[in-house]
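Observations on the three-dimensional arrangement
One-letter residues, chain by chain:
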Amino acid sequence: MAALVPVILCGGTGTRLWPLSRASYPKQYWALAGQGEETLLQQTQQRLEGIANLQPPLLICNEDHRFIVAEQMRQIGVDPSAILLEPAGRNTAPAVAIAALQAMAAGDDPLLLVLAADHVIREGAAFRQTVQAGVAAAEAGQLVTFGIVPTAPETGYGYIEAAQPLGDTGTPVPIARFVEKPDRATAEGFLGTGRFTWNSGMFLFKASMILAELERLAPEVVQACRSALAQGGSDLNFQRLEKEAFGQCPNVAIDVAVMEKTDRGAVLPLQAGWSDVGSWSALWETADQDEQGNVLRGRVISENSRNCYLRSEHRLVVGLGVEDLVVVETNDVVLVAKRDQAQNVKSIVGLLEQSGAPESKAHRKIYRPWGAYDGITEGDRWQVKRISVNPGASLSLQMHHHRAEHWIVVQGTAVVEKDGIEQLVGENQSTYIPLGCKHRLSNRGKIPVEMIEVQSGPYLGEDDIVRFEDHYGRSDAAAITAVSSKNV
């Protein structure tokens with residue numbers, strides 16, 4: 001058997017599970033399925049363990065999410081073969097082309113298992129068994145897509161029609177056609193034939209074969225991707241695609257570019273508790289419910305409530321005598337919706353975007369390559385943030401013209417550099433950063449450093465910074481003015 005390389009697509013704008021999922025931190029990076037701490041991305045990788053000849057994954061993500069992806073892989077002990085950074089979203093055909101080119105760069109020709117990072121699959125063993133069942137066909141040159149065995153006449157999914165009834169053969173069947181989202185009557189008719197499955201967007205094929213079909217059916221995609229990869233470069237542990245070249249790539253799905261046109265397509269039925277978690281109601285349906293039909297996450301109390309999804313990220317949420325609700329609490333938004341209306345949160349995000357509200361795209365907690373910060377409160381001439389610095393990480397060497405800062409360490413031991421002199425600041429200790437002081441905070445320990453930062457001064461704007469050194473490849477050696485005081 002050839003080597004099998006998982007290709008995990010980590011794109012997505014994060015609107016369907018707002019307010020938890022947002023553009024700055026979409027749903028694939030949250031722990032949503034089950035009671036564990038693993039995120040959807042981490043679960044996507046972990047459920048592959050046990051597949052024969054499994055190789056390290058190749059991940060493709062938005063440039064803004066690169067450190068989130070790298071950190072989540074580190075947390076589960078996975079060293080990816082590559083993390084490829086897309087300067088802009090161009091759908092799945094370019095992502096697959098880039099993956100195939102990257103996988104073959106050293107002269108290899110592995111099988112590529114293309115997966116979305118934001119799917120829920122409850123039955124991992126059944127999923128692995130189905131993947132193994134598709135290997136022989138993929139090695140023989142077929143382009144295998146995994147079709148979800150329908151459980152209802154859903155109108156929100158595309159469908160795949162097989163050339164013959166699927167039955168229980170457990171082997172790929174040639175594809176007759178792809179069908180866009182049907183109306184309910186049409187979907188009901190599909191289910192009666194035994195030939196239709198939902199289009200999952202998961203694939204298995206040889207790198208050389210999908211690349212050959214892309215070159216035949218969508219040559220402009222391959223041309224742009226070759227240029228973007230050749231003109232790109234390495235950035236720390238990331239492979240960066242050249243922006244202008246990648247921008248010339250058509251925005252097209254692999255289904256449209258290849259699978260709907262090729263004569264090599266085959267569909268393999270998958271029954272493994274799959275969901276694309278496209279709404280809060282879908283998440284409720286796939287989660288473990290209590291005797292009253294409730295799904296409770298975080299600090300939640302439910303009394304005489306039924307069929308609700310209640311989630312708290314910070315404050316206590318109490319459901320008392322309510323039914324069929326979705327309640328999601330974050331540190332800056334509380335969503336309350338009827339469960340059958342929860343899919344309409346996308347329209348709310350659109351309204352927020354039109355008004356310029358920051359809640360449309362970003363959380364109050366902002367993630368950075370060195371950790372995260374959370375704006376707690378602010379007033380006239382002062383503001384307070386909570387800062388967390390990961391083990392082995394440090395902020396840039398920087399200076400402020402208009403504000404001073406007090407740092408109070410509440411966990412761990414920080415190494416604080418002030419005008420070239422280092423000092424250790426431990427738990428329950430503090431230090432003062434005056435105006436114009438060249439300073440840096442580092443964590444050389446094995447646990448995160450948690451710190452409260454109090455800023456004071458006549459101007460507290462995020463553009464009051466001069467950076468001198470940066471460990472993350474985002475600035476010149478000379479000091480430059482940056483947009484964010486913590487984007488360091």
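Residues numbered from 1 in each chain as written. Predicted model: local features only at pLDDT ≥ 70, side-chain atom pairs only at ≥ 80, totals over all residues. Heavy atoms only, no water.

Digging into helix H11 (residues 345-355)
Every buried residue of H11 is listed here: Val345, Val349 and Leu352. All buried residues of H11 lie within an arc of 60 degrees about the axis, which places them on one face of the element. More than 90 degrees from the buried face of H11, the exposed residues found are Lys346, Leu351 and Gln354. Where H11 is buried, its residues contact strand S19 (334-338). (Buried < 20%, exposed > 50% of the residue type's maximum accessible area, 1.4 Å probe, protein only. Helix = DSSP H or I, 4+ residues; strand = E, 2+ residues; numbered from the N terminus. Arc of directions from axis to C-beta. Contact = heavy atoms within 4.5 Å.)

What about the packing of aromatic side chains?
Summed over the entire model, instances satisfying the criterion amount to 11 aromatic pairs. Summarising the aromatic geometry, the rings of Trp280 and Tyr309 are spaced 5.3 Å apart at their centres and angled 45 degrees between planes, so their arrangement reads as tilted. Taken as a pair, Trp280 in helix H10 (residues 280-286) and Tyr309 in strand S16 (residues 309-312) lie far apart in primary sequence, 29 residues in all. Of the two residues, Trp280 and Tyr309, both sit in the buried class. Here the aromatic cluster, defined as three or more aromatic residues joined through ring pairs, consists of Tyr25, Tyr29, Trp30 and Tyr367. A cation over a ring is seen here: Arg339 above Trp284, with NZ or CZ 3.6 Å from the ring centre. The residue whose ring lies beneath Lys438 is Phe468, and the NZ or CZ to ring-centre distance is 4.3 Å. (Phe/Tyr/Trp six-rings, centres within 6.5 Å; stacked < 30°, edge-to-face > 60°. Lys NZ or Arg CZ within 6 Å of the ring centre and 35° of its normal.)

A closer look at the sheet that holds strand S18 (residues 325-329)
Spatially, 4 strands are ordered S14-S16-S18-S19 in an open sheet, and the strand pairing comes out mixed. Taken across any chain shown, the strands that pair with only one partner, and hence form the sheet edges, are strand S14 (295-297) and S19. Ignoring which end each strand starts from, the neighbouring axes of this sheet average 5 degrees apart. With 4 bridges connecting them, S16 and S18 associate as parallel partners. Residue pairing in the sheet places Arg311 in a bridge with Val328 of S18. (Pairing = 2+ DSSP bridges. Axes fitted to C-alpha atoms, helices over the stretch in contact; angles between N-to-C directions.)

Some remarks on the pairing of strand S26 (residues 421-425)
For strand S25 (residues 414-418) and S26, the ladder comprises 5 bridges, and the chain directions are antiparallel. Bridged to Val415 within S26 is Leu424. Counting the residues in the hairpin turn of S25 and S26 gives 2 residues, including Asp419, whose phi is positive at 50 degrees.

As for the packing of helix H3 (residues 92-103) against helix H7 (residues 219-231)
Packing of H3 against H7 leaves a shortest axis separation of 9 Å and a crossing angle of 55 degrees. When the interaxial angle is binned, H3 and H7 end up oblique. Between H3 and H7 lies a crossing whose hand is right-handed. Facing H3, whose interface residues are Ala93, Pro94, Ala97, Ile98, Leu101 and Gln102, H7 presents Val221, Cys225, Arg226 and Leu229. Residue composition of the contact of H3 with H7, grouped by class: 8 nonpolar, 1 polar and 1 charged. (Parallel < 35°, antiparallel > 145°, perpendicular 65-115°, else oblique. Left-handed = near helix turned anticlockwise from the far one by under 90°. Nonpolar A, V, L, I, M, F, W, Y, C, P; charged D, E, K, R; others polar.)

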